[in-house]
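Residues per chain are reported as follows:
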2 protein chains.
Amino acid sequence: MRNPSEQNYIEQLSIDCVIFGYHNKQLKVLVPKLNFNGDFWALPGGFVSQDEDIDTAANRILQQRTGIKEIYLDQFHIFGKAARNSLKFMTKLIELNPQLLSENGQYGKEFNWFTKRFVSIGYYALVDLNQVVPEKTDLDSSIDWYNIKELPEMIIDHNEIVTKALETLRFHLDEKLIAFNLLPETFTMKDVQELYETIYDKPFARNNFQKKILDLNVLERLEKKFTGAANKAPYLYRRKS
Amino acid sequence: MRNPSEQNYIEQLSIDCVIFGYHNKQLKVLVPKLNFNGDFWALPGGFVSQDEDIDTAANRILQQRTGIKEIYLDQFHIFGKAARNSLKFMTKLIELNPQLLSENGQYGKEFNWFTKRFVSIGYYALVDLNQVVPEKTDLDSSIDWYNIKELPEMIIDHNEIVTKALETLRFHLDEKLIAFNLLPETFTMKDVQELYETIYDKPFARNNFQKKILDLNVLERLEKKFTGAANKAPYLYRRKS
């Protein structure tokens with residue numbers, strides 16, 4: 001584990017990423033579990049190098065965890081309460097992992113670096129879950145997709161960060177036409193409706209919904225294949241390029 | 001001028017505020033001119049103390065410049081390009097103001113503090129211009145409302161920050177019902193329409209617009225005063241409390 005206090009990062013500034021995926025009518029979030037004694041979950045995150053744009057840093061972190069280069073992401077909020085620090089988490093971590101103390105039993109520079117107050121930039125990403133191969137870092141024991149309704153309790157304010165990300169996603173869904181990033185390349189109108197119903201956690205009337213989506217004029221309807229019974233198959237759509 | 005490098009601020013983190021007002025069909029922004037040789041304009045801004053929430057810091061800065069305590073403000077974007085620093089501005093400032101150099105002709109700690117890369121949190125505020133008494137700080141020679149279409153060229157990326165703030169304001173205007181913060185307590189429907197037309201810089205059809213605003217169900221219509229010719233006067237509205 002490289003010591004961030006010895007790298008050329010901006011101090012007291014972090015990035016936390018909420019990576020949304022969609023599968024089986026469930027909105028999911030990619031969450032690593034930390035590779036220490038004790039059950040610690042934390043959003044994928046990191047720091048910003050002195051010579052790095054914040055968007056580039058967020059992309060780097062996301063690419064590292066998902067393997068995807070071209071990813072839809074949006075900075076959505078900055079979390080900057082004065083009381084926001086990881087002192088409680090770090091204290092518990094060291095209690096359960098005394099090997100992290102230096103030889104003379106003291107907390108190291110790293111502890112001081114981490115336990116300062118951090119202002120964290122929240123990014124959310126929308127990915128096609130099927131294209132992601134979740135990748136652990138040295139710090140993780142595992143990394144998994146969790147149903148947003150069954151997230152583990154994460155460190156610091158990471159659960160609140162997810163709540164705020166979902167709120168922003170709902171708020172921006174219509175104007176920015178971003179939901180399709182959560183679907184595979186081709187999909188049926190039923191897939192789109194189920195996705196929206198999952199994100200908003202409420203049903204939509206079928207006819208109105210389909211009309212609304214088609215009126216956006218961003219989807220292209222593909223030819224049906226004729227395979228005998230295929231005339232019963234629903235149309236497939238994809239985003240216009 | 002107190003040296004920020006000697007105060008207990010988070011390093012490399014700043015706040016920049018876009019204070020919007022509205023008057024005579026013009027959207028205006030409150031901009032101070034710096035009290036140095038040379039024509040330097042900069043958005044009202046400041047830094048975050050170690051023990052201060054970022055929202056509290058933004059409120060403090062806004063209250064200092066406008067005299068208003070209860071102010072509508074929203075964090076809208078964080079500006080974090082690696083190339084974003086004030087080296088160019090500070091160099092020109094010192095060239096024109098050599099008295100800022102220390103006795104031995106060296107740049108001081110302050111220069112080093114300011115010329116590091118800063119990540120800046122953008123807040124925008126909406127105020128009733130008539131209630132604001134613009135206040136200079138020690139650093140300002142003047143502070144004035146500028147038509148957003150005739151802003152002076154400001155330091156660093158401050159003009160871009162205003163552009164992004166306007167974009168966000170337009171994006172959020174309908175969902176958040178925030179435009180009324182720019183109007184006095186009571187107003188006519190014509191006032192509201194002119195305000196929207198000014199912000200979006202385009203005309204709206206009168207009947208549709210009024211229906212849309214009334215359908216929001218957030219306005220209360222006040223009684224007309226009967227003063228002879230008053231039956232020709234338009235209705236006054238105010239926000240429901």
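Our structure is the block above this text.
This structure is a prediction, so every number in the text was calculated from the model and none was measured. (Residues numbered from 1 in each chain as written. Chains lettered and ligands numbered in written order. Predicted model: local features only at pLDDT ≥ 70, side-chain atom pairs only at ≥ 80, totals over all residues. Heavy atoms only, no water.)

## What to know about the overall build of chain A
So, step 1. The helix and strand tally for chain A stands at six helices and eight strands.
So, step 2. When the elements of chain A are put in sequence order from the N terminus, they spell out β-β-β-α-β-α-α-β-β-α-α-α-β-β.
So, step 3. Once the C-alpha set of chain A is aligned to its principal axes, its extents read approximately 75 × 30 × 30 Å.
So, step 4. For chain A, the proportion of its 241 residues judged to be buried stands at 49%. (Helix = DSSP H or I, 4+ residues; strand = E, 2+ residues; numbered from the N terminus. Buried < 20%, exposed > 50% of the residue type's maximum accessible area, 1.4 Å probe, protein only.)

## Comments concerning the pattern of salt bridges
So, step 1. Tallied over the entire structure, the rule returns 26 salt bridges over all chains.
So, step 2. Measuring nitrogen to oxygen at the nearest pair gives 3.9 Å for the salt bridge that ties R238 of chain A to E185 of chain A. Of the two residues, R238 of chain A is situated in strand β8 (residues 237-239) and E185 of chain A in the loop between α4 (158-176) and α5 (189-200); the sequence distance between them amounts to 53 residues.
So, step 3. Its relative accessible area of 59% is what places E185 of chain A among the exposed residues.
So, step 4. Across the salt bridge formed by D215 of chain B and K211 of chain B, the nearest N and O atoms sit 2.7 Å from each other. Linking D215 of chain B with K211 of chain B, this pair stays in helix α6 (residues 206-215), spanning four residues, or about one helical turn. The pair formed by D215 of chain B and K211 of chain B is uniform in burial state, with each residue classed as exposed. (Salt bridge = Lys/Arg side-chain N within 4 Å of Asp/Glu carboxyl O.)

## Some thoughts on the interface of chain B and chain A
One widely used convention gives an interface's size as the accessible area the parts lose upon coming together.
So, step 1. On the side of chain A, 24 residues touch chain B, which itself brings 24 residues to the contact.
So, step 2. A buried area of about 1900 Å², summed over both sides, lies between chain B and chain A, and 56% of it is on carbon and sulfur atoms.
So, step 3. On the chain B side of the contact with chain A, I78, R117 and F171 of chain B bury the most area, a combined 27% of that side's loss.
So, step 4. Our count for the contact surface shared by chain B and chain A stands at zero salt bridges.
So, step 5. Put simply, chain B and chain A have 16 residue pairs in polar contact (both at pLDDT 80 or more) between them. (Contact = heavy atoms within 4.5 Å. Buried area = accessible area lost by both parts, 1.4 Å probe. Polar contact = N/O pair within 3.5 Å; in protein donor to acceptor, adjacent residues only side chain to side chain.)

## What to know about the relation of the copies chain B and chain A
So, step 1. With an RMSD of 0.0 Å, the fit of chain B onto chain A corresponds to turning through 180° and sliding 0.0 Å along the axis. Here the copies are linked by what is in effect a two-fold axis. (Least-squares fit on C-alpha atoms with pLDDT ≥ 70 in both.)

## So, helix α2 (residues 87-96) of chain B
All names here are of chain B.
So, step 1. Along α2, the positions that sit buried rather than exposed are F89, M90, L93 and I94. Taken end-on, α2 shows its buried residues confined to a sector of 125°, consistent with a single buried face. In this structure, α2 carries K88 and E95 as exposed residues pointing more than 90 degrees from its buried face.
So, step 2. Where α2 is buried, its residues meet β2 (26-34) and α3 (109-115). (Arc of directions from axis to C-beta.)

## Thoughts on the side chain of T115 of chain B
Residue and element names in this part refer to chain B.
So, step 1. As for its placement among the helices and strands, T115 is situated in helix α3.
So, step 2. In this structure T115 comes out as buried when scored by relative accessible area, which is 14%.
So, step 3. Engagement of the side chain of T115 in a polar contact is seen with the backbone oxygen of F111, the distance being 2.7 Å.
So, step 4. Those residues in contact with T115 that lie beyond four places of it in its chain are N85, S86, L87 and M90.

## With respect to the side chain of H172 of chain A
So, step 1. Tracing the sequence through the fold places H172 of chain A in helix α4.
So, step 2. The exposure class assigned to H172 of chain A is buried, which follows from its relative accessible area of 10%.
So, step 3. Residues contacting H172 of chain A, with those up to four places away along its chain left out, are D74, Y124, L177 and I178 of chain A together with F171 and H172 of chain B.

## What to know about the packing of helix α5 (residues 189-200) of chain B against α6 of chain B
Residues and elements named next belong to chain B.
So, step 1. Between α5 and α6, the least distance of the axes is 10 Å, while the angle of their chain directions is 105°. For the element pair α5 / α6, the angle class is roughly perpendicular. Residues M189, V192, Q193 and Y196 of α5 pack against R206, F209, Q210, I213 and L214 of α6.
So, step 2. Class assignment of the residues belonging to the contact of α5 with α6 gives a composition of six nonpolar, two polar and one charged. (Axes fitted to C-alpha atoms, helices over the stretch in contact; angles between N-to-C directions. Parallel < 35°, antiparallel > 145°, perpendicular 65-115°, else oblique. Nonpolar A, V, L, I, M, F, W, Y, C, P; charged D, E, K, R; others polar.)

## Quick word on the nonpolar core
So, step 1. Within the largest apolar cluster, 50 residues are counted, with the highest numbers of intra-cluster contacts made by I15 of chain A together with I15 of chain B.
So, step 2. Non-local contacts of I15 of chain A, meaning those with residues more than four positions away in its chain, are made with P44, G45, G46, V48, I54, A57, A58, I61, S120, I121 and Y123 of chain A.
So, step 3. In terms of nonpolar packing, the next biggest core, distinct from the first, is built from 40 residues, F79, Y124, L166 and Y237 of chain B among them. (Core = buried A, V, L, I, M, F, W, Y, C linked by side-chain atoms within 4.5 Å.)

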